[in-house]
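# Descriptive analysis of the structure
Residues per chain, in single letters:
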Amino acid sequence: MPTVTISSVIDAPIEKVWARIRDFNGLPTWHPRMVASKIEDGRPADEIGCIRNFQLVSGATVREKLLAFSDADHSVSYSIIETPQPISNHKATFTLKRVTDGDRTFAEWTATFDAPAEEADKVAEGMGINVFQGGFNALKTHFAENI
């Protein structure tokens, strides 16, 4: 089972970073690869089990289920339940930790999934660079411009 782990330090306090990313339906407000999102069945975006259905810049759609959510731990876990990527059994966690040196935030995004052997490395690389690091880069740019 491939594992992808990407981490970064964001020059902003954890409370500000969490406020920006905590909305499970809010990907299009901060991630450049996501253009639209909605929570299915009108459920609250922080209700365990809710499903977000979002559209990528490419036009593809992805459905993800919220598995865990914690304001106290600044953490969210979810699984992809529908994607054009050749993956299954996906689970990801996005966690923030306070960096007291400079009042910054350590961000870590990790995922595990199953994929055909010939696709696994390519999928893992794309997920790590385009989704995870791409999201971190967007957050860093946002806070550099708005602090």
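Refer to the structure above for everything that follows.
I will try to describe carefully the structure that is included in this document. Everything quoted here is computed from the prediction, not taken from an experiment.

### A closer look at the nonpolar core
One finds Phe94, Leu96, Trp109, Met127, Phe132 and Leu139 to be the most contacted residues of the largest nonpolar core, which totals 38 residues. Considering each element in turn, this core owes the most residues, seven residues, to helix H3 (residues 117-146). Setting aside residues no more than four positions away along its own chain, Trp109 makes contact with Val4, Thr5, Ile6, Trp30, His31, Tyr78, Ala92, Thr93, Phe94, Val131, Phe132 and Phe136.

### Quick look at unusual backbone geometry
Negative phi is the rule for most residues except glycine; trans is the rule for most peptide bonds. Although it is not a glycine, Asn89 sits at a positive phi angle of roughly 50°. In the Ramachandran plot, Asp103 falls in the positive-phi region, its phi being about 50° despite a non-glycine side chain. Following the sequence through the fold, Asp103 ends up in the loop between strand S6 (88-99) and strand S7 (104-114).

### Describing the side chain of Glu64
Here Glu64 is to be found in strand S4 (residues 61-70). For Glu64, a relative accessible area of 4% corresponds to the buried category. At a separation of 2.6 Å, a polar atom in the side chain of Glu64 contacts the side chain of Arg52. In this view, Glu64 contacts Phe24, Cys50, Ile51, Arg52, Phe54, Tyr78, Ser79, Ile80 and Ile81; residues no more than four positions away in its chain are not counted.

### Re the pairing of strand S5 (residues 75-82)
Most of S5 sits out of view: six of its eight residues are buried. Where S4 meets S5, seven bridges bridge the pair, whose relative direction is antiparallel. Note that in S5 the partner of Phe69 across the bridge is Val76. The hairpin formed by S4 and S5 contains four residues between the paired strands, and His74 there has a positive phi angle of roughly 50°. Bridge count for S5 against S6 is four bridges, and the pairing is antiparallel. Opposite Ser77, over in S6, you have Thr93 as the bridge partner. Counting the residues between successive antiparallel strands, the hairpin from S5 to S6 contains five residues.

### A word on the layout of surface pockets
Its volume calculated, the largest pocket comes out at about 540 Å³. If you trace the largest pocket, you find 27 residues lining it, with Arg33, Leu56, Gln85, Met127 and Val131 closest to the centre. Of all the elements in the fold, those that place two or more residues in the lining of the largest pocket are strand S3 (51-56), S4, S5 and H3. Examining the composition of the lining of the largest pocket, we find that eight residues originate from one element, H3, more than from any other. Each residue belonging to the lining of the largest pocket can be placed in one class, and the counts come to 16 nonpolar, six polar and five charged.

Reading the values: rules and limits
- Residues numbered from 1 in each chain as written.
- Predicted model: local features only at pLDDT ≥ 70, side-chain atom pairs only at ≥ 80, totals over all residues.
- Heavy atoms only, no water.
- Core = buried A, V, L, I, M, F, W, Y, C linked by side-chain atoms within 4.5 Å.
- Buried < 20%, exposed > 50% of the residue type's maximum accessible area, 1.4 Å probe, protein only.
- Helix = DSSP H or I, 4+ residues; strand = E, 2+ residues; numbered from the N terminus.
- Contact = heavy atoms within 4.5 Å.
- Polar contact = N/O pair within 3.5 Å; in protein donor to acceptor, adjacent residues only side chain to side chain.
- Pairing = 2+ DSSP bridges.
- 1 Å grid on protein atoms, 1.4 Å probe; cavity = no way out; pocket = protein on both sides within 12 Å on 5 of 7 lines; lining within 4 Å.
- Points joined across faces, edges and corners; volume = space filled by probe spheres on them.
- Nonpolar A, V, L, I, M, F, W, Y, C, P; charged D, E, K, R; others polar.

Keep in mind these values describe shape, not function.
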